[in-house]
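Summary of structural features
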Amino acid sequence: MKIGFIGLGIMGKPMAANLLKAGHTVVVYDVIKENMEQMVKYGAIKGESAKAIAGECKMMITVLPNSPHVKTVVMGKDGILEGASAGSILVDMSSIAPLASQEIYAACAEKGVEMLDAPVSGGEPKAVDGTLSIMAGGKKEVFEQVYDILMTMGNSAVYCGEIGAGNTTKLANQIIVALNIAAVSEAFMLSTKAGVDPEKVFDAIKGGLAGSTVMNAKIPMIMERNFKPGFKIDLHIKDLNNALDTGHEIGVPLPLTASVMEMLQKLHADGHGQEDHSAIAKYYEKTADVCVKAKGGIQE
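First, a word on what this report is: a plain description of the structure on this page. (Residues numbered from 1 in each chain as written. Predicted model: local features only at pLDDT ≥ 70, side-chain atom pairs only at ≥ 80, totals over all residues. Heavy atoms only, no water.)

**Some points on the pattern of salt bridges**
Using the criterion set out here, one finds twelve salt bridges in the structure. A salt bridge links D203 to K206; its shortest N-O distance comes to 3.6 Å. According to the relative accessible area criterion, K206 is partly exposed, its value standing at 38%. D270 is paired through a salt bridge with K266; the nearest N and O atoms lie 2.7 Å apart. Each of K266, D270 and K286 takes part in salt bridges that share partners, so that together they form one network. (Salt bridge = Lys/Arg side-chain N within 4 Å of Asp/Glu carboxyl O. Buried < 20%, exposed > 50% of the residue type's maximum accessible area, 1.4 Å probe, protein only.)

Put into structure tokens, the structure is as follows:
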């Protein structure tokens, strides 16, 4: 199938690469030309604009940073809706506000373009190996139509409900991930400050009720002092901001989310915004003067 793919960042590039590996023809576009050139080397076709891609591809995928970017690419000048024809399908795999998804969906519907919101979870490692978790909202028949294509990028794709349900599910996911990293960081800061080797703590608790996918992924990174981003703090700030805004709009208090948001904002202010969200540990380490590292030990 010929698929248009717009947005070639940390997540988009490996996702588009997996579509190519599955035998699809992929036409790519990104505002950063180097990203497009890299994908052309993998076998993709370079697109001239979102409008041009929509004119030649009946299915389009977008993986963009936030709501305003998706609105511009879809609804703006030289955007998807200027080139798309009735019956085309847009799968927005960005993590954006649910109400923004509904607004974009309404604009698509006016042109007869179908749309799913289908954000992903798993970060760069799972984008690379094609094992992302995909959560989708929109018409169920459209989801079923593109299911096999989604499964070339993930190992699960779940229909969550009407448009916006995918991004609502993703916000729930991002709340749980952020709070989990904070809890893990707090616990390992305590145990390390008390003089217990964090490697021993990890080995002791990872198989019990406290064990989690988040802890298994992030504690090794923290102990190795590896904060190369699989998912950046600044992007998690964006997601939690969308969660808080959505909570305010529908009357749902999110006090724990707000607390972790303040931690992330402090890390951003301290210059850690482009690091992996496992750097939440640095917030605790700074306040307790302790470093959770593989050999253990308190900072001198």
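**Thoughts on helix α4 (residues 67-75)**
Because each turn of an α-helix spans 3.6 residues, side chains separated by three or four positions end up pointing in the same direction. Inspection of α4 places S67, V70, V73 and V74 among the buried residues, and these make up the whole buried set. Buried residues in α4, looked at end-on, bunch into an arc of 135°, giving them a common side. What points out from α4, more than 90 degrees from its buried face, is the exposed set P68 and T72. (Helix = DSSP H or I, 4+ residues; strand = E, 2+ residues; numbered from the N terminus. Arc of directions from axis to C-beta.)

**Structural notes on the packing of helix α13 (residues 255-269) against helix α14 (residues 280-288)**
Two numbers describe how α13 lies on α14: the axes approach to 9 Å, and their chain directions differ by 80°. The orientation of α13 relative to α14 falls into the category roughly perpendicular. Where α13 approaches α14, its residues V260, M263, L264, K266 and L267 are matched on the opposing element by I280, K282, Y283, Y284 and K286. Across the contact of α13 with α14, the residue classes break down as seven nonpolar, no polar and three charged. (Axes fitted to C-alpha atoms, helices over the stretch in contact; angles between N-to-C directions. Parallel < 35°, antiparallel > 145°, perpendicular 65-115°, else oblique. Contact = heavy atoms within 4.5 Å. Nonpolar A, V, L, I, M, F, W, Y, C, P; charged D, E, K, R; others polar.)

**Considering the side chain of S278**
Its location among the elements puts S278 in the loop between α13 and α14. When its relative accessible area of 0% is taken as the criterion, S278 is described as buried. Side chain to side chain, S278 and D276 meet in a polar contact 2.8 Å long. Those residues in contact with S278 that lie beyond four places of it in its chain are I181, K218, M221, I222, N226 and F227. (Polar contact = N/O pair within 3.5 Å; in protein donor to acceptor, adjacent residues only side chain to side chain.)

**As for the packing of aromatic side chains**
A complete count under the given rule lists three aromatic pairs for this structure. Residues F143 and Y147 carry aromatic rings whose centres are separated by 5.7 Å and whose planes lie at 70° to one another, so their mutual orientation is edge-to-face. Of this pair, F143 and Y147 are both found in helix α8 (residues 140-150), four residues apart, which corresponds to roughly one turn of the helix. Among the residues examined, F143 registers a relative accessible area of 7% and is labelled buried. For Y147, a relative accessible area of 32% corresponds to the partly exposed category. Seen in terms of ring centroids, F143 and Y159 are 5.7 Å apart; in terms of plane orientation they differ by 40°. Their pairing is tilted. Pair noted here: F143 is in helix α8 and Y159 is in strand β9 (residues 154-161), with a separation of 16 residues, a long-range link. Residue Y159 is classed as partly exposed on the basis of its relative accessible area, which comes to 24%. (Phe/Tyr/Trp six-rings, centres within 6.5 Å; stacked < 30°, edge-to-face > 60°.)

**Examining the pairing of strand β4 (residues 59-62)**
Side chains M59 and I61 of β4 all project onto a buried face; the interleaved residues M60 and T62 project onto the opposite face, where all are buried too. Examined bridge by bridge, strand β1 (residues 2-6) and β4 share four bridges and lie parallel to one another. Each bridged residue has a counterpart across the sheet, and for I3 the counterpart in β4 is M59. For β4 and strand β5 (residues 89-92), the ladder comprises four bridges, and the chain directions are parallel. Across the sheet, residue M60 finds its bridge partner in β5, namely L90. (Pairing = 2+ DSSP bridges.)

**Some words on the pairing of β9**
Relative to β9, strand β8 (residues 132-137) runs parallel, the two being bridged by six bridges. What sits directly across from L132, in β9, is G154. A crossover connection joins β8 to the parallel β9 through α8; in handedness this β-α-β unit is right-handed. (Right-handed = clockwise from strand over helix to strand, strands pointing away.)

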